Amino acid sequence: MRILVVEDQAKMAQFLKKGLTESGYSVDVAESGLSAESYCSSSEYDLVILDIGLPDQSGIDTARHLRRDGLNAPILMLTALSSTKDKILGLDSGADDYMTKPYAFEELLARVRALLRRQSPSQMSNTKLFFSDLEMDLVLRKVHRAQKEIVLTLKEFSLLEYFMRNPNRPLGRTSIAEHVWDVHFDSESNVIDVYVNMLRKKIDTPFESKLIHTVIGVGYVLKQDESAN
Ligand code: CA
């Protein structure tokens, strides 16, 4: 899941980025309204966290612009203001939820999860993903294959989640990078191949049939091993 944090205070932005990254999200930070608009026009986000007090424009205007430009992802607005009028203005501008600073990070995280679940109920309300004999629990962050627990790092978990949300679909390195890493990812590097290989060692190597397959010239696909059985 990819989140754009729009916050001009570097310290606050880094705090959010660190906390969200540790919770398994890929996070980009925009420091102004215009830069948020440009991030959203060039990448796809699953959620936007938007500070209302930005240096170049009000977060309310930014929310309006993002909606006008076709952003469908939920917007969680952050503000130091707490009057009802501001709240209504924020929600009217296209925000889905609203938090007043200071807030507890745990509460922010709970709202992020709630908004992401609301976003695509068919997929997100399921707390588990299944493919073949693989089972992924998104709430407990546990993975089992053939009833055997497999311990994954945060990145490996995100990578497998992306595969399991797109089974039988060849996934290019660019789209994997976009969904699992942030924009600072160096697409020339072989990081994706390294991570896919680490994931394979855990979910494929100990088992007879392989699930992650290389698609030459494209990337990788999660599918049943046709040569088995
Ligand atoms: Ca601010």
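Residues numbered from 1 in each chain as written. Predicted model: local features only at pLDDT ≥ 70, side-chain atom pairs only at ≥ 80, totals over all residues. Heavy atoms only, no water.

*Asks:* What's the story with the sheet that holds strand β12 (residues 219-222) in this structure? I'm lost.
*Replies:* Working definition: the strands of a sheet are paired by backbone hydrogen bonds and lie parallel or antiparallel to each other. With respect to topology, 3 strands assemble into an open sheet ordered β10-β12-β11, the strand pairing being antiparallel. The open sheet terminates on both sides in strands that have one partner only, identified here as β10 (171-172) and β11 (212-215). Examined bridge by bridge, β10 and β12 share 2 bridges and lie antiparallel to one another. Across the sheet, the residue bridging to Gly172 is Gly219, located in β12. (Pairing = 2+ DSSP bridges. Helix = DSSP H or I, 4+ residues; strand = E, 2+ residues; numbered from the N terminus.)

*Asks:* I keep staring at the coordination of the calcium ion and nothing clicks. Help me out?
*Replies:* Ideal values differ by geometry: the angle at a metal is 109.5 degrees with four tetrahedral donors, but 90 or 180 degrees with six octahedral donors. Coordination sphere of the calcium ion, protein contribution only: Asp8 (OD), Asp51 (OD) and Gly53 (O), at 2.1 to 2.4 Å. Accessibility expressed as a relative area gives 3% for Asp51, which makes it buried. (Donors = N, O, S within 2.8 Å, 3.2 Å for Na, K, Ca; no water. Buried < 20%, exposed > 50% of the residue type's maximum accessible area, 1.4 Å probe, protein only.)

*Asks:* What exactly am I supposed to notice about the environment of Leu4 here?
*Replies:* Structurally, Leu4 is set in strand β1 (residues 2-6). Among the residues examined, Leu4 registers a relative accessible area of 0% and is labelled buried. Along the sequence, Leu4 and Glu44 sit 40 residues apart, while their C-alpha atoms lie 9.3 Å from each other. Each residue touching Leu4, except ones within four places of it in the same chain, is listed here: Asp28, Val29, Ala30, Ala36, Tyr39, Cys40, Tyr45, Leu47, Val48 and Ile49. (Contact = heavy atoms within 4.5 Å.)

*Asks:* Honestly, the pattern of salt bridges in this entry has me stumped. Any pointers?
*Replies:* Opposite charge on two side chains makes pairing possible when the charged atoms of those side chains draw close. All told, the structure shown has 16 salt bridges when counted by the stated rule. Here Arg111 and Asp97 are joined by a salt bridge, their closest N and O atoms 3.1 Å apart. With Arg111 in helix α5 (residues 105-119) and Asp97 in strand β5 (residues 97-100), this pair connects stretches of sequence that are 14 residues apart. Given a relative accessible area of 25%, Arg111 falls into the partly exposed group. In this structure, the salt-bridge partner of Arg165 is Glu161, at a minimum N-O distance of 3.0 Å. Of the two residues, Arg165 and Glu161 are both situated in helix α7 (residues 154-165); the distance of 4 residues between them amounts to about one turn of the helix. Residue classification places Arg165 among the buried residues on the basis of a relative accessible area of 15%. (Salt bridge = Lys/Arg side-chain N within 4 Å of Asp/Glu carboxyl O.)

*Asks:* Where do I start with the packing of aromatic side chains in this structure?
*Replies:* Ring pairs (aromatic) are described by centroid distance and by the angle formed between their planes. Applying the stated criterion to the full structure yields 2 aromatic pairs. Measuring from centroid to centroid gives 5.6 Å for Phe15 and Phe105, while their planes differ by 75°, and the two rings are edge-to-face. In this pair, Phe15 is assigned in helix α1 (residues 10-22) and Phe105 in helix α5, connecting sequence segments 90 residues apart. For Phe105, a relative accessible area of 16% translates into the label buried. Measuring from centroid to centroid gives 5.4 Å for Trp181 and Tyr195, while their planes differ by 70°, and the two rings are edge-to-face. Of this pair, Trp181 sits in the loop between α8 (173-180) and α9 (191-203) while Tyr195 sits in helix α9, and the two are 14 residues apart along the sequence. Tyr195 gets classed as partly exposed once you look at its relative accessible area, which sits at 22%. (Phe/Tyr/Trp six-rings, centres within 6.5 Å; stacked < 30°, edge-to-face > 60°.)

*Asks:* Help me understand unusual backbone geometry in this model?
*Replies:* Glycine aside, residues mostly have negative phi angles, and peptide bonds mostly take the trans form. Residue Pro102 follows Lys101 across a cis peptide bond; omega there is -5°. Considering the arrangement of structural elements, one finds Pro102 in the loop between β5 and α5. Here Asn168, not a glycine, exhibits a phi torsion of approximately 60°, which is positive. Looking at where Asn168 falls in the secondary structure, it is placed in the loop between α7 and β10.

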